[in-house]
2 protein chains.
Amino acid sequence: MKKIRGIKLDPPKILVLGFSSVILLGSILLMLPVATVDGNGLRGIDALFTATSATCVTGLVVVDTGSTFTTFGEIVILTLIQVGGLGFMSFATLVAFILGKKISLKERLILQESLNHLTVEGIVRMVRRILIFTALIETTGAVLLSYRFSFDMPLGKAIYNGFFHSISNFNNAGFDLMGDFRSLTGYVDDPIVSLTVSGLIFLGGIGFIVMNELYEYRTTRKLSLHSKLVLSVTGCLITIGTVMIFFLEYHNPKTLEPLSMTGKVLGSLYQAITPRTAGSNTLNIADLTQSTLLLTIILMFIGASPGSTGGGIKTSTFAVLLGAVKAQIKGKEDVAFFGRRVLPQTIYKSLTVTLSAIFLVLAVTMLLTITEPGKDFLAILFESTSAFATVGLSMGITPDLSTAGKILITFTMFAGRVGPLTVAFAVTLRRQQDPYRYPAGKIMIG
Amino acid sequence: MKKIRGIKLDPPKILVLGFSSVILLGSILLMLPVATVDGNGLRGIDALFTATSATCVTGLVVVDTGSTFTTFGEIVILTLIQVGGLGFMSFATLVAFILGKKISLKERLILQESLNHLTVEGIVRMVRRILIFTALIETTGAVLLSYRFSFDMPLGKAIYNGFFHSISNFNNAGFDLMGDFRSLTGYVDDPIVSLTVSGLIFLGGIGFIVMNELYEYRTTRKLSLHSKLVLSVTGCLITIGTVMIFFLEYHNPKTLEPLSMTGKVLGSLYQAITPRTAGSNTLNIADLTQSTLLLTIILMFIGASPGSTGGGIKTSTFAVLLGAVKAQIKGKEDVAFFGRRVLPQTIYKSLTVTLSAIFLVLAVTMLLTITEPGKDFLAILFESTSAFATVGLSMGITPDLSTAGKILITFTMFAGRVGPLTVAFAVTLRRQQDPYRYPAGKIMIG
Ligand SMILES: [K+]
Ligand SMILES: [K+]
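Since the model is a prediction, treat every value here as computed from it, not as a measurement.

Asker: Quick rundown of the overall build of chain A? Include the residues and the values.
Answerer: Scanning chain A from terminus to terminus reveals 15 helices and 5 strands. Taken across its 446 residues, chain A has 61% of its residues classed as buried. Across chain A, the fraction of contacts at a sequence separation of at least 24, relative to all contacts at a separation of at least 6, is 71%. Of the roughly 17100 Å² that chain A leaves accessible, carbon and sulfur atoms contribute 66%.

So, in structure tokens, the structure goes:
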């Protein structure tokens, strides 16, 4: 553990306590009569579910946001999203600084590119920059969306909606005010809404460090290995996803078929971007083919990039594992990207994060098949992956979940939010080698 | 590559060519008019499917074995099973010897327990012992089964059935002659059939090296790390599987509920053992709860042990990955079992085998959702996992597969049979370190 001016930092604990407090406060606020249109406030379990979903920027909803909540309730949700998203992004970036510094102390020479000035002033500067970026991007998004919405609704409402959906999507939160669980399906072939929101999701999902490097690129003219990897993997996933969804849904009369070519392309692009892990949608999820649903599950599981508002095992984790497999099969000793070697420690970390995630998703899926006996297996697998990766897409079973199911998904959203970072942290700060080692033994594999 | 008396050994190529030839020959034989009861011979695609399923000891069937084939056809299938099962077990054990020797040359001191006398005489001795074990175990199983079957059918038929089912199950092949795709469901609460077949599956699935060490245990009084690991993981999987299936199916009126307590226990035990990867069943798969089906998919994916007739990623691979995650989270430098350290190379090998397998299963599942549009997702996922792990259990969609689907499953059975060993082999015989190394770069994970 590291100390900063005498305060002992135990990031996972701070993260869990911080998020729990915000969720608890949010739940109480959403239970107030003033929070809901019917004047009763939300039921306890639904309030806990909604507050967790908002704070963990997931977007799974048991009640329709647009029609259930008063403006007060909506502001509570929006605040939880902003606090949860920003808080997590800052926190994860900070943790990366700490871990980066720790490594650079041990391996100073090879890590000169690292982010290694962790001082209180450094932290303040970083958080300030995160705030500025966020404000700038969210406002730009809000202006574009408000402009477009102003054709469909009164100006005041358009501005309110513009800000809500800009903030919700930059934070990869997936909440919407469109009513009737519709999300953004009304704007599937609208370039302004569709591309603005795609941009917000993309920026929110690549993480602060990458955003910052992109911003400074004009002067520095260089990107770190991390940024190169995140950008290229994200680019690949979006491209492959768009092309696959385009062809898989092209003849689906419930999704792309009735749309113009522009609509088909925009719809495919949006559905390829939203699993990274925004959770808003322009095509109705339950209408997608099983092939697209499986693809979406895989994309959601991979998720966004580290130090972002998004979830999942992360693009970089996925890339490291792919790289490790490729190197092994090709008989290379080292895993390398862009002329840089990946440390074995990073590979082990990726392995641990990914296997823990697979275990969690499978365990939750199995428990849900018990608590929700009549429901379609694919819908359940989709739901638990969406909850783990804090995506918020759903085939529509969320509102019908049993109380046990709601508790399970609440837990999964929370674990999905704090889990990967906690596991990565624990793995990085592992103890030194044991004083004695066992002799090596041999095991057959494959 | 190693040379033995001047012959260049490239095991993956030998394996692929050998299996392909046997499958091709088997397909031709099954297309002969004399092979089927209707006197037409099997259709080309169905013959290829059946021959692949038999040779790869999978057990997925597009036609019912018992009612479609003449005795000639059945003998062809049984021969393919015996050649495929025995051939693979011998071959995989041989490869383990080669790899074991390669390692022991490099790390002679730490690998004194290894199987390191690879000479032509050594190979002959090993293959002879495999043959003796097989003959002994299969005959014992056949006698027990024939005795039981003799109460239900004429003695001659009982003996024929006894041998067929003993050989099929020891080779983890999953074929049966019961008719109507029934497998062994008629014997769910029969201790003799149920326990005999369970025993055959267990022995066939732990692999020759473990069987051999168990056999020699009376004199040596010691087991290798590999055997300890395989036996304990297999034991855990069977125990956990039995208990979970017992509770998940207890109130299912289509499976366990109508049975006596003995039947419930035997049924649960059998369904926990058959995913390792026999493929015969005493409960009807399509009637199981979704929870049990997901559990079965996971158990099938893990599969049997290396150097056995079974498939899957293998129990030892699974254990190594679990051990790696546990060590990482606990902050240990080394992964260790039973006071023996696992080499990093073994962990990388496990990672590569497992990720390749996940990729294959997901890709095949996605392709099947395209070629079989109307079918239930869970049934498709179950089918592709079963084909990959050469299990042969099915929720019943095999006979209704489209031609494209049958080709896909045929390919998957073949890849599932030769794939893990090929990948493990490629990874072990990797080249030396590159002459120059890239500098290390840093990547955020989680
Ligand atoms: K989300
Ligand atoms: K089998």
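The discussion continues.
Asker: Give a detailed account of the packing of helix α6 (residues 155-170) of chain B against helix α7 (residues 191-206) of chain B, specifying residues and quantitative values.
Answerer: Residue and element names in this part refer to chain B. Their axes nearest at 7 Å, the elements α6 and α7 cross at an angle of 35°. In this structure, α6 uses Ser166, Asn169 and Phe170 to contact α7, whose residues at the interface are Val197, Leu200, Ile201, Leu203 and Gly204. Of the residues that constitute the contact of α6 with α7, the class distribution is 5 nonpolar, 3 polar and no charged.

Asker: Outline the coordination of the potassium ion (ligand 1), listing residues and values.
Answerer: Residues and elements named next belong to chain A. Summarising the metal site, the potassium ion (ligand 1) is bound by the protein donors Val57 (O), Thr58 (O), Asn172 (O), Thr277 (O), Ala278 (O), Thr390 (O) and Val391 (O), whose distances to it range over 2.3 to 2.7 Å. Of note, the donors binding the potassium ion (ligand 1) are all from one chain and are spaced V-T-x113-N-x104-T-A-x111-T-V. Residue Asn172 is found in the loop between α6 (155-170) and α7 (191-206), and its partner Ala278 is found in the loop between α10 (261-273) and α11 (290-302); the two are separated by 106 residues along the sequence. In terms of burial, Asn172 and Ala278 fall into one category: buried.

Asker: Break down the packing of aromatic side chains for me, with residues and values.
Answerer: The description of an aromatic ring pair rests on the distance of the ring centres and on the angle between the ring planes. Residues and elements named next belong to chain A. A full pass over the atoms with the stated rule returns 17 aromatic pairs over all chains. Look at Phe19 and Phe88: their rings are 6.2 Å apart centre to centre, the planes differ by 85°, and that puts the pair in the edge-to-face class. Of this pair, Phe19 sits in helix α1 (residues 11-31) while Phe88 sits in helix α4 (residues 71-106), placing them 69 residues apart in sequence. Residue Phe19 is classed as buried on the basis of its relative accessible area, which comes to 8%. Through pairs of rings, three or more aromatic residues link up here, namely Phe133, Phe208 and Tyr215. Sitting above the plane of the Tyr250 ring, Lys264 keeps its charged end 4.9 Å from the centroid.

Asker: How would you summarise a nonpolar patch on the surface if you had to cite specific residues and measurements?
Answerer: Where nonpolar side chains cluster on the molecular surface, the patch consists of B:Leu144, B:Tyr147, B:Phe151 and B:Ile192 and spans about 400 Å² of accessible area. When you line up the elements, B:Leu144 lands in helix α5 (residues 120-149).

Asker: Give a detailed account of the coordination of the potassium ion (ligand 2), specifying residues and quantitative values.
Answerer: Residue and element names in this part refer to chain B. Distances from the potassium ion (ligand 2) to its protein donors, namely Val57 (O), Thr58 (O), Asn172 (O), Thr277 (O), Ala278 (O), Thr390 (O) and Val391 (O), fall within the range 2.3 to 2.8 Å. Counting residues between consecutive donors of the potassium ion (ligand 2) along the chain gives the motif V-T-x113-N-x104-T-A-x111-T-V. A residue pair is termed long-range when its members are at least 10 positions apart, and Val57 in the loop between α2 (44-55) and α3 (65-68) and Thr390 in the loop between α14 (377-388) and α15 (403-428) qualify at 333 residues. Note on Val57: relative accessible area 0%, which makes it buried. The exposure class assigned to Thr390 is buried, which follows from its relative accessible area of 0%.

Asker: Quick rundown of the packing of helix α13 (residues 344-371) of chain A against helix α14 (residues 377-388) of chain A? Include the residues and the values.
Answerer: All names here are of chain A. Running from N to C, α13 and α14 cross one another at 135°; their axes reach a closest spacing of 9 Å. When the axes of α13 and α14 are compared, the pair comes out oblique. The interaxial crossing formed by α13 with α14 has right-handed handedness. Mapping the contact onto sequence places Ala357, Leu360, Val361, Val364, Thr365, Leu368 and Thr369 in α13 and Phe377, Ile380, Leu381, Ser384, Thr385 and Phe388 in α14. A per-class count over the contact of α13 with α14 returns 9 nonpolar, 4 polar and no charged.

Asker: Before we move on, can you summarise unusual backbone geometry with the specific residues and values?
Answerer: Leaving glycine out, the prevailing phi sign among residues is negative, and the prevailing peptide bond configuration is trans. Residue and element names in this part refer to chain B. For Ser183, which is not glycine, the phi dihedral falls at a positive 50°. Here Ser183 shows up in the loop between α6 and α7. Note on Ser183: relative accessible area 5%, which makes it buried.

Asker: Before we move on, could you go through the environment of A:Arg148 and cite the residues and values that matter?
Answerer: Residues and elements named next belong to chain A. Relative to the helices and strands, Arg148 resides in helix α5 (residues 120-149). On the accessibility criterion, Arg148 (16% relative accessible area) is buried. Along the backbone, Arg148 and Ile192 are 44 residues apart, and their C-alpha atoms lie at a distance of 6.9 Å. Residues within four places of Arg148 in sequence aside, it is in contact with Tyr187, Asp190, Ile192 and Val193.

Asker: An account of the pattern of salt bridges is needed here, citing residue identities and associated values.
Answerer: All names here are of chain A. All told, the structure shown has 14 salt bridges over all chains when counted by the stated rule. Among the ionic pairs, Glu372 bridges to Lys375, the shortest N-O distance being 3.4 Å. Given a relative accessible area of 18%, Lys375 falls into the buried group. Residues joined by salt bridges that share partners form a network here, namely Arg43, Asp46 and Lys406.

Asker: Explain the confidence of the model for chain A residue by residue, including any values.
Answerer: All names here are of chain A. Residues of chain A with pLDDT of at least 70 account for 88%, and the chain-wide mean is 86. The low-confidence segment residues 1-7, where pLDDT is below 50, has 16 contacts with residues more than four positions distant or belonging to other chains. Counted against residues more than four places away or in other chains, residues 103-118, with its pLDDT under 50, gives 27 contacts.

Asker: Please give an account of the UniProt feature "transmembrane region" (unreviewed entry) in chain A that cites residues and values.
Answerer: Residue and element names in this part refer to chain A. Under the UniProt annotation, "transmembrane region" (unreviewed entry) lies at residues 14-32, 44-63, 75-99, 130-149, 192-215, 227-248, 347-370 and 407-429. When the span residues 130-149 is considered, its composition is 100% helix and 0% strand, and the gap between its end C-alpha atoms is 28 Å. Helix makes up 96% of residues 192-215 and strand makes up 0%, while its end C-alpha atoms are separated by 24 Å.

Asker: How would you summarise the environment of A:Arg218 if you had to cite specific residues and measurements?
Answerer: Here A:Arg218 shows up in helix α8 (residues 208-220). Within the local environment of A:Arg218, its side chain forms a polar contact with the backbone oxygen of A:Tyr215, the two atoms lying 3.4 Å apart.

Asker: Can you break down the side chain of B:Ser53 residue by residue, with the values?
Answerer: Inspection of the secondary structure puts B:Ser53 in helix α2. In contact with B:Ser53, other than residues within four places in its own chain, are B:Thr58, B:Gly59, B:Leu60, B:Phe175 and B:Met413.

Asker: I'd like a description of the environment of B:Ser146, backed by residues and values.
Answerer: Residues and elements named next belong to chain B. As for its position among the elements, Ser146 is in helix α5. Residue classification places Ser146 among the buried positions, given a relative accessible area of 7%. With 16 residues separating them along the chain, Ser146 and Gly162 place their C-alpha atoms 4.3 Å apart. When neighbours within four sequence positions are excluded, Ser146 is seen to be in contact with Ala158, Ile159, Gly162 and Phe163.

Asker: How would you sum up the side chain of B:Thr58? Please name residues and give values.
Answerer: Residue and element names in this part refer to chain B. Counting through the fold element by element, Thr58 comes out in the loop between α2 and α3. When its relative accessible area of 0% is taken as the criterion, Thr58 is described as buried. With sequence-adjacent residues up to four places away left out, Thr58 is seen in contact with Ser53, Asn172, Ala173, Gly174, Ala278, Ser386, Ala387, Thr390, Val391, Gly392 and Met413.

Thresholds applied
Residues numbered from 1 in each chain as written. Chains lettered and ligands numbered in written order. Predicted model: local features only at pLDDT ≥ 70, side-chain atom pairs only at ≥ 80, totals over all residues. Heavy atoms only, no water. Helix = DSSP H or I, 4+ residues; strand = E, 2+ residues; numbered from the N terminus. Buried < 20%, exposed > 50% of the residue type's maximum accessible area, 1.4 Å probe, protein only. Contact = heavy atoms within 4.5 Å. Areas by Shrake-Rupley, 256 points an atom, 1.4 Å probe, with all protein chains shown as cover. Axes fitted to C-alpha atoms, helices over the stretch in contact; angles between N-to-C directions. Nonpolar A, V, L, I, M, F, W, Y, C, P; charged D, E, K, R; others polar. Donors = N, O, S within 2.8 Å, 3.2 Å for Na, K, Ca; no water. Phe/Tyr/Trp six-rings, centres within 6.5 Å; stacked < 30°, edge-to-face > 60°. Lys NZ or Arg CZ within 6 Å of the ring centre and 35° of its normal. Patch = residues over 30% accessible without salt bridge, like charges linked within 9 Å, V, L, I, M, F, W, Y side chains within 5 Å. Salt bridge = Lys/Arg side-chain N within 4 Å of Asp/Glu carboxyl O. Parallel < 35°, antiparallel > 145°, perpendicular 65-115°, else oblique. Left-handed = near helix turned anticlockwise from the far one by under 90°. pLDDT = per-residue confidence, 0-100. UniProt positions renumbered as here; feature names shortened; annotations may be inferred. Polar contact = N/O pair within 3.5 Å; in protein donor to acceptor, adjacent residues only side chain to side chain.

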